[in-house]
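# Descriptive structure summary
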Amino acid sequence: MKPALKSIGFFLLWLLPGLAVCLFISLQIRKTISDFEERKENQIFSRSTLTIKDSFERYVYGLQGVKGTYSALNNEVRTEHFKNYSKSREYFNNFPGALGFGFIRYISEREFSDYLKKIYIVNPTFSINRLDSVNNFGNYFVIEQIEPIEQNQKALGLDIGSEVRRREAAEKSILSGAPTLTATIKLVQDNKKENGFLFLLPIYKTIFTPESKEERRKNIFGWAYTPLLIEKLFHQLEDKLDPRVLISISDLTSDIEESIYKSDKIIDKKNIGNTFKSEIIIGGRRWVFKGESDVSYRNPAYAILPYIIFILTMIANTIGVFLIHRFFRLKKQAEEKSKYASSWQQAVLDGANYSIISTKPNGIISTFNRAAEKMLGYKSEEVINKTSPSIFHEKSEIEFRAMELTQELGEVIEPGFNVFIAKALKSKNADINEWTYIRKDGSKFPVQLSVTVMRDNAGDVIGYLGIGEDKTAQKSMEKQINDQQAKMIQSAKMAALGEMAGSIAHEINNPLAIIMAKSGQLKDDPIISSKEQIRSEIAKIESTSERIAKIVKGLRIFSRNSENDPAENILLEHPIEDALSLCTEKFKKEGIRLKISVIPNTPIKGRRVQLAQVFMNLLSNAFDAIRNLDEKWIEVRTEIEDGLVKVYFIDSGKGIPSEIEPKIMNPFFTTKEVGLGTGLGLSISKGIIEDHSGVLNYELIRSNTAFVVTLPISKS
C-alpha cells in the first residue's frame, strides 16, 4: 500500500473515535451547565418560598402583640386602650397588606344574652351580624375590637362563627394553640370583594397555652386577628422575589387545589425552563408552591460554551492524532535509543522525593534511588544485590505485623520479608502501612510505605516495589495540633471554673462558718456538757467537712489536665455529680430550680474529667440563657434505650432561633456578649462526645431548649 493511503487510513482510524469522544465531552459539559442552572434556579425558588413564609411570620408578631395586651390587662381591654396601643405599636406601618388588627370574643350560647346586655351598656350602637343566618352552631365568635375602625366598621360585631371557612379556622386554632389562616374568603369591609384571609391567634383564659386539646377548648377566651388582602399582601412581596423564577401558590388543605397567588408576569413558552414544586405549612394550611424559571435571564455564553468546547477538543484531537502518527514513525528510532531511555528512567528515580526501593522476587534489593540514600544513609552499592529491606525496620514491628496478618489473612505469616508483601499478593492492590525506618546511624523516623507487586505480561511476579514517604514533619504537625487542642480544652475548662469561682467560694464559706460556729460552741458554751450533745455537734462538723471535701474533690477532678487519661469503665452519675457539685450554689443564688432524675448505676466507658467538662459547659450555657427569665428551671435526666443512654439538659428557655441553630456547634461562634464567652464550649464538647463514640444534639422538647448527649452503655 502506498504511504499516502496508509497515512489517510491511520488518520481515519484515530480521528473517528476522537470525534465521538469530543461529542461526548461537549454533551457532558452541556449537561453540567444545565444541572448548574437548575441548582441555581432551585435555590432562587427556595429563597422565594422562604421570603413568603417569613412575611407571614411578621404578622404573627403583630397578633402576639394584641394577645399580650389582653394578657397584661387580664383579658379586659377597652376600646380606647386598644386604639392607643395600636397606635403605639404602629401596626399599620409595619405590617403592609393587613387591613387592621383586632380581637374576636368567644361567646357560648349560654353566655350570649348576658354578653349582649354588657356590650350594650358600653356601646349602645353595637350590633351582632351573621354571614349565614340559617346555620346556628350553638356559640358565637364576635369581632369586638378592630383598628383602625374607619376602614373596618363593617367588620365590627361580625360573628365569624356563622360562616363555615372562618369558623373552621377558628376551631382549628383553638385545638392547635397556633396561629391559623382561613381558606380564601371575601372580607366584609372590602368593597372590591377581592380574595383575602383572616389570620387568627387564640387567646386563652390562662397565661400559658393549655397542654391538652380538652383544656384549650375549655379555656378559650377569644382570638387576636388580622384581615389580609391577598393582592396587597403579595404586591409588597413582589419586589423581594427574584424575577428569574416566577412563583404561584395554591391551597391543598382540603385536597381540592385552590389558587391563592400567581405572578402577573408571563413567560414566553419558549423561555420556560425548569419547574419546581414544594409544600409548606403556613398558618396551619398546606400550601403548594410552584415555580417556573425564565431562561431569558441565563448567561448566553453558557449556551454556546459546549459548541466551543467541541470545536477546541476536535482541534486538540486532530493535533493528537498527528502527534500519535509521528510517534509511531519515531518508534523504531526510540527503540534504538533504549540505553538513553534507561538513563532517563534512572534520572526520574533519582529525582523523586520519595524513597523508591525495588526487590527481586526473593526479596533482595535491586534498585535504591538517591532519595532512599539520603533518607536512610546507605549508598546504593551497599544494599543492591546484598540484602532485603528488612534491615531498615525494627524487629518488634515486623513481628507484630506478622501476628496481625496471620489473624487477618487466616494463614501463618512468618516474621521477615513476607510481612511486607503478603497482603499485596492477596489483594493485588498496594499495601500501605506506617512503619519506623532505621537509618544507618541508628536513628529512627516514621514513614508511610506503599508496597506493590510487579508482574510481567503473563501475570508472573517479577519483583516488588516499595515507595516510602518520610512522615516526620507530618507527625510533628499532628502533635502540635493535638497539643493545641488539649490546651484549648484545658483553657475552656479553667474558664468555666473561673466563671464558677464566686459561687464555689460562697459554697465553701457557708459550711466553714458552720464548722467555726460549732467549734466555738463546743469550746465556750457551758450548757453543752453531755457526751450525747458533744457527739451531735461533732457529727454536724463532720458532715459539713464532708460537704467541703466533696466540693474540693470536684474542683481537683475537674481542674486537672486529663489529656493523657485512659478511657475506663465508670458510672455515668459520677461526672454528672462532679459538674453539679460546682454549680449548684450558683443556681440556687440566682433562684434557678434544679430537677435531677438520673438512673443510678449506668455503666459507660470514658474519661470522667472530660465528660464532667461537657456537662459543666451545658449547665453553664443553660444558666446564661435563663438567668434573666421570669420562669427559671433546669432539668437533668437520663433515659436508656437500645444499649444507649441519653442525658437530657433541658431549660426553661424557648429554643434557639432557627437562623443561628446550624452555627451553634461551630468553633468561636457565640451569642454571648463580648468577654463572656469564647465560642469554643459546644465545639469542644461535641468533639469530646464524638471521641466517646457518642453524639451531642440540640432539640426542642416541650417548646423548651434541650441539649441531648447520647453515649453507648458499657458491656463490661
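Every chain is numbered on its own, with residues counted from 1 as its sequence reads. The predicted origin of the model limits local features to residues at a pLDDT of at least 70 and limits the giving and counting of side-chain atom pairs to 80 or more, whereas totals for whole chains, interfaces and linings rest on all residues. Here the side-chain values reflect all heavy atoms present in the structure, with hydrogen atoms and water set aside.

## Quick word on the overall build of the protein chain
Each helix is a run of H or I in the DSSP string that is no shorter than four residues. Each strand is a run of E no shorter than two, and both are numbered from the N terminus. The number of helices and strands found in the protein chain is 18 helices and 24 strands. Per-residue burial for the protein chain yields a buried fraction of 41% across its 716 residues. In this analysis, two residues are considered to be in contact whenever any of their non-hydrogen atoms come within 4.5 Å of each other. Taking contacts inside the protein chain between residues at least 6 apart in sequence as the whole, the part at least 24 apart equals 64%. Per-residue and other accessible areas were derived by the Shrake-Rupley procedure at a 1.4 Å probe size, with only the shown protein chains allowed to occlude residues. Accessible area of the protein chain: about 40700 Å², with a carbon and sulfur share of 55%. Throughout, exposure labels follow a simple rule: accessible area from a 1.4 Å probe, protein chains only, divided by the maximum for the residue type, with under 20% read as buried, over 50% as exposed, and the rest as partly exposed.

## A short note on the packing of helix α12 (residues 395-409) against helix α13 (residues 418-427)
Helix axes are fitted only over the stretch in contact, all axes being lines through C-alpha atoms; the angle between N-to-C directions runs from 0 to 180 degrees. As a packed pair, α12 and α13 sit with axes 9 Å apart at the nearest point and diverge in direction by 25°. Accordingly, the angle class assigned to the pair α12 and α13 is roughly parallel. The chirality of how α12 crosses α13 is left-handed. Residues Ile-398, Arg-401, Ala-402, Leu-405, Glu-408 and Leu-409 of α12 touch α13, and the partners they reach there are Val-419, Phe-420, Ala-422, Lys-423 and Lys-426. Any residue that is not Ala, Val, Leu, Ile, Met, Phe, Trp, Tyr, Cys, Pro, Asp, Glu, Lys or Arg is counted as polar, Gly included; the first ten are nonpolar and the last four charged. Looking at side-chain class alone, the contact of α12 with α13 contains seven nonpolar, no polar and four charged residues. An angle below 35 degrees is treated as roughly parallel, one above 145 as roughly antiparallel, one from 65 to 115 as roughly perpendicular, and anything else as oblique. Left-handed describes a crossing in which the near helix is turned anticlockwise from the far one by less than a right angle; the clockwise case is right-handed.

## A closer look at the sheet that holds strand β13 (residues 355-359)
Note on sheets: strands pair through backbone hydrogen bonds, and any given pair is parallel or antiparallel. As summarised here, the arrangement of the five strands in space is β14-β13-β17-β16-β15, forming an open sheet in which the pairing is antiparallel. The outermost strands of the open sheet, each flanked by one partner alone, are β14 (365-368) and β15 (431-438). Here the strands of the sheet are splayed against their neighbours by 30° on average, with no regard to which way each runs. α13 rests against β15, β16 (444-455) and β17 (461-470) of the sheet, and its axis sits at about 45° to β16. The pairing criterion for strands is at least two bridges between them, as found by DSSP.

## What to know about the pattern of salt bridges
If the charged atoms of two oppositely charged side chains come close together, the side chains can form a pair. Note on definitions: salt bridges are taken to be side-chain nitrogens of Lys or Arg within 4 Å of carboxyl oxygens of Asp or Glu. This structure, assessed with the given rule, holds 25 salt bridges. Lys-31 is the salt-bridge partner of Asp-35, the closest N and O atoms lying 3.0 Å from each other. Taken together, the residues Asp-35 and Lys-31, both in helix α1 (residues 3-72) and four residues apart, mark about one turn of the helix. Note that Arg-401 is salt-bridged to Glu-404, the shortest N-O span being 3.2 Å. Of this pair, Arg-401 and Glu-404 are both found in helix α12, three residues apart, which corresponds to roughly one turn of the helix. We classify Arg-401 as buried; its relative accessible area is 9%.

## Points about the sheet that holds strand β24 (residues 704-712)
The strand order across the open sheet formed by five strands is β19-β21-β22-β24-β23, and the pairing between neighbours is mixed. The open sheet is flanked by β19 (593-597) and β23 (695-701), the only strands paired with a single partner. Between one strand and the next, the sheet's axes are offset by a mean angle of 20°, whatever the strand orientation. As defined by bridge partners, strand β21 (residues 633-641) adjoins strand β22 (residues 644-651) across eight bridges and the pair is classed as antiparallel.

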